[in-house]
Amino acid sequence: MDIIRHKQQVPNVGKVERAASVAAGMLLLGRGLKNKGWTGTAMALLGMEFLRRGITGACHTYQALGINTAGARSGEGASVSVPHGTGIRIDESITINRPRAEVYGFWRNLANVAEFMEYVESVQTLNEGDDRKTRWAVKGPAGKCLEWDAEIVNEKENELIAWRSLDGSEVANAGSVHFKDAPGGRGTEVSLEIMYTPPGGSFGAFAAKLFGDDPAARIRADLKRLKARIEAGVLAGTSGQSAGPKASGDDEKPNHHAYSDAVAKASEESFPASDAPAFTH
Amino acid sequence: MKAVCWYGKKDVRIENVPEPKLLTKRDAIVKTSLTAICGSDLHLFHGLIPSMEPGDILGHEFIGEVVEVGTEVPHLKKGDRVVVPFCIACGNCFFCQNGMTALCDNSNPNAAMAEKLYGSSGAGLFGYSHMFGGYAGGQAQYVRVPFADAGPIKVPDSVSDEQALFLSDIFPTGYMAAENCDIQQGDVIAVWGCGPVGQFAIRSAFLLGAERVIAIDNVDMRLCLAQKGGAEPLNYDLPDFDERLRTATGGRGPDACIDAVGLEAHGTAIDAIYDYAKMAVKLETDRTHALRQAIYACRKGGTVSIPGVYGGLVDKFPLGVAFNKGLTLKMGQTDVHRYLSPLLQLVENGKIDPSFVITHRLALEKGAEGYNIFDNAEGCIKVVLRP
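Residues numbered from 1 in each chain as written. Chains lettered and ligands numbered in written order. Predicted model: local features only at pLDDT ≥ 70, side-chain atom pairs only at ≥ 80, totals over all residues.

## Description of the overall build of chain A
- Each helix and strand in chain A was counted, giving eight helices and eight strands.
- For chain A, the proportion of its 281 residues judged to be buried stands at 23%.
- In chain A, once contacts between residues fewer than 6 apart in sequence are set aside, the share between residues at least 24 apart is 56%. (Helix = DSSP H or I, 4+ residues; strand = E, 2+ residues; numbered from the N terminus. Buried ≥ 20, exposed ≤ 12 C-beta atoms within 10 Å, placed from the backbone. Contact = placed C-beta atoms within 7 Å.)

Shown next as structure tokens:
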């Protein structure tokens, strides 16, 4: 998994804000230069940063946080969901022991995706008769429910499904899934590529990682679920099965002395059970 | 219902637990008539297997009667008597379809956990920690059997519970170990470990055409039982054990060696002491004393077959010896499913009576005592529990 950062800065500060930034920068710089000592230096540096940010219109902090006050983003095509050089990219693949047409058919019925992708609640067709445009409901971080619309931009039967989220999506995303014959009649190799801009930008993604969130692992688990669903029909699981109480009512560990007596007794009662082996030396 | 539950190192208790229910359409519920404690259960008992939780139901060897079936289990119905493989297999993945059911892709819901340790996950197992699926085990009055259309085999009335029970694990395990030796005419096979798996490996080796089998252990009772099966006993505590083994094979060394001991090998030689010491400070997880001996003893170009369970990383492994002698190492969990039918036939035809290993019969309620009895290898070979 990659967290890709922009190498070239794109303006993300609004015009009015830029003017204010320049003004504040000049003020801070002036004050800082007058003030000798550490406070003065700090003010001067901060002032220079505000000046730079106001002049170029590109703020590092805003970019890390995914904030954009510049309105229409410039320098990007209208049909791009995840701008070049930004976002999180996940590449995972899995081999499923079934023919390509069957695996493709299962995925192409997009409602099925909710079955194997853990965080996808539902996928619904937007317009009757056109299954290329869909509405996705997804569980976001902290249990928030996210929704967006997406469309299939490219598809080749039994080979490829490529999609992008439509403009205005809460979480911009795009990706493709390729279906290839696995060698030696082993079924189908499914390769999934997803790019998305997580809430909070790359800083948000980094913070989430610190808390154990691993999108690549989740996608891997999703693909495993797809494989099990297609190959085995049902998902292996144990939720709802029997188990002993977590803390036994008998909280005292068994008394070892009493135990060894019980063991000796039980042993005598049951042994020998089969023909006694002849003890010879 | 009553079940044997794990609560910590050497802490096993009989608890009242809810009866299992069908969870998928490929499930069945089996009412256990007989169940056993396995040598690998002792690793759980000794607290050596991670990811156990208090309350987990133990046990992976069981036979019983079907009391409920899911809608997609066509070949089983209520009342059928079945024995169930200890590894759970979906029947449809690449591995299942190629006979490697112990490596099933789809039966471990906690595959990610096993992958952290092992890179890839094999099949889920009954009653053997959450890393292997967290399935409730068979030392209970009722057991939920997943993928019941791919696992259990029906047992004819002519075969008793005690004769069929060991098809679940130890008989196929011993048989696969012997089969992995690729036994040729005239071969001499040496078996380290005369516990139940070793006992079955010995008899299987003969069934597969071995000329002689040398049985290695230090417990008299186990060596005697091995001898009853036609093997030549050799006590590894005797001085000059290596020379004795070499002499017994005309100076060649055994053609194939079976390590039916696994990660808790005993021994008093310097490398064994080293293993104990390293394990105590958690620098090593497995003791490979028996495996080292097998590698040293095996003849050039021979095979070392390893049914004994290993879990972690080992130290001082004689890879140079294995390389220079051109040894083949074959190992792994048992692909029980492909052995069920042929081995059941051997039992039906009277070629082998697997119940010979049983030394202790206890009620399920005495399961905790059963673990303690089995832990003391001196007096015991196999404990079966009747619910």
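## Digging into the overall build of chain B
- Summing up its helical and strand segments, chain B has 13 helices and 18 strands in all.
- Computed over its C-alpha atoms, the radius of gyration of chain B comes to 20 Å, within 12% of the 21 Å expected for a compact globule of 387 residues.
- Each principal axis of the C-alpha distribution contributes one length, and for chain B these read about 60 × 50 × 40 Å.
- Expressed as a percentage of its 387 residues, the buried residues of chain B come to 59%. (Rg over C-alpha atoms; globule rule 2.2 N^0.38 Å.)

## Remarks on the interface of chain A and chain B
- Of the residues lining the interface, 40 residues belong to chain A; the matching set on chain B comes to 57 residues.
- With seven residues, helix H7 (residues 215–232) of chain A is the largest single contributor of residues to the side of chain A that touches chain B.
- Grouping the amino acids of the side of chain A that touches chain B by side-chain chemistry returns 20 nonpolar, 13 polar and seven charged. (Nonpolar A, V, L, I, M, F, W, Y, C, P; charged D, E, K, R; others polar.)

## Quick look at the sheet that holds strand S2 (residues 11–16) of chain B
Residue and element names in this part refer to chain B.
- Taken in spatial order, the three strands of this open sheet run S2-S1-S4, and their pairing is antiparallel. Because the sheet does not close on itself, it has two edges, and the strands there are S2 and strand S4 (56–57).
- With six bridges connecting them, strand S1 (residues 2–8) and S2 associate as antiparallel partners. Residue Val4 lies in a different strand from S2, and its bridge partner there is Ile14.
- Where helix H13 (residues 367–375) meets the sheet, it contacts S1 and S2, and its direction lies at approximately 160° from that of S2. (Pairing = 2+ DSSP bridges. Axes fitted to C-alpha atoms, helices over the stretch in contact; angles between N-to-C directions.)

## Notes on the environment of Trp148 of chain A
Residue and element names in this part refer to chain A.
- Along the chain, Trp148 turns up in strand S5 (residues 145–156).
- Separated by ten residues in sequence, Trp148 and Val138 place their C-alpha atoms 8.5 Å apart.
- Not counting the four nearest positions on each side in its chain, Trp148 is found in contact with Trp136, Ser165, Ser169, Glu170 and Val171.

## Section: the sheet that holds strand S13 (residues 232–235) of chain B
Residues and elements named next belong to chain B.
- Overall, parallel pairing links the six strands, which are arranged S13-S12-S11-S14-S15-S16 in an open sheet. The open sheet terminates on both sides in strands that have one partner only, identified here as S13 and strand S16 (328–331). The average undirected angle you get between the axes of adjacent strands in this sheet is 20°.
- Summarising the sheet, strand S11 (residues 188–192) and strand S12 (residues 212–217) pair through five bridges and their orientation is parallel. Across the sheet, residue Trp192 finds its bridge partner in S12, namely Ile216.
- In the packing of helix H6 (residues 196–207) onto the sheet, the strands contacted are S11, S12 and strand S14 (256–259), and the crossing angle to S12 comes to about 170°.

## Focus on the nonpolar core
Residue and element names in this part refer to chain B.
- Ranked by internal contacts, the top residues of the largest apolar core, which has 134 residues, are Ile189, Val191, Trp192, Ala201, Ala215 and Ile258.
- No other element matches the six residues that helix H5 (residues 170–179) contributes to this core.
- Among residues more than four places away in sequence, those in contact with Ile189 are Cys181, Ile183, Ala205, Ala210, Val213, Pro254, Asp255, Ala256 and Ile258. (Core = buried A, V, L, I, M, F, W, Y, C linked by C-beta atoms within 7 Å.)

## Overview of the domain arrangement of chain B
Residues and elements named next belong to chain B.
- With domains assigned, chain B is organised as domain 1 (2–169 + 334–386) and domain 2 (171–331).
- Placing a centre on the C-alpha atoms of domain 1 and another on those of domain 2 gives a separation of 26 Å.
- Listed by partner, the interface residues are 20 residues for domain 1 and 20 residues for domain 2.
- In terms of residues, the side of domain 1 that touches domain 2 owes the most to one element, helix H1 (residues 39–45), which gives three residues.
- For the side of domain 1 that touches domain 2, the residue count by class is eleven nonpolar, four polar and five charged. (Domains from an automatic or database assignment.)

## Here's the deal with H5 of chain B
All names here are of chain B.
- Counting buried residues in H5 gives nine out of ten residues, a clear majority hidden from the surface.
- All of the buried residues in H5 are Ile170, Phe171, Pro172, Thr173, Gly174, Tyr175, Met176, Ala177 and Ala178.
- On its buried side, H5 packs onto H6, S14, strand S15 (303–306) and helix H12 (337–348).

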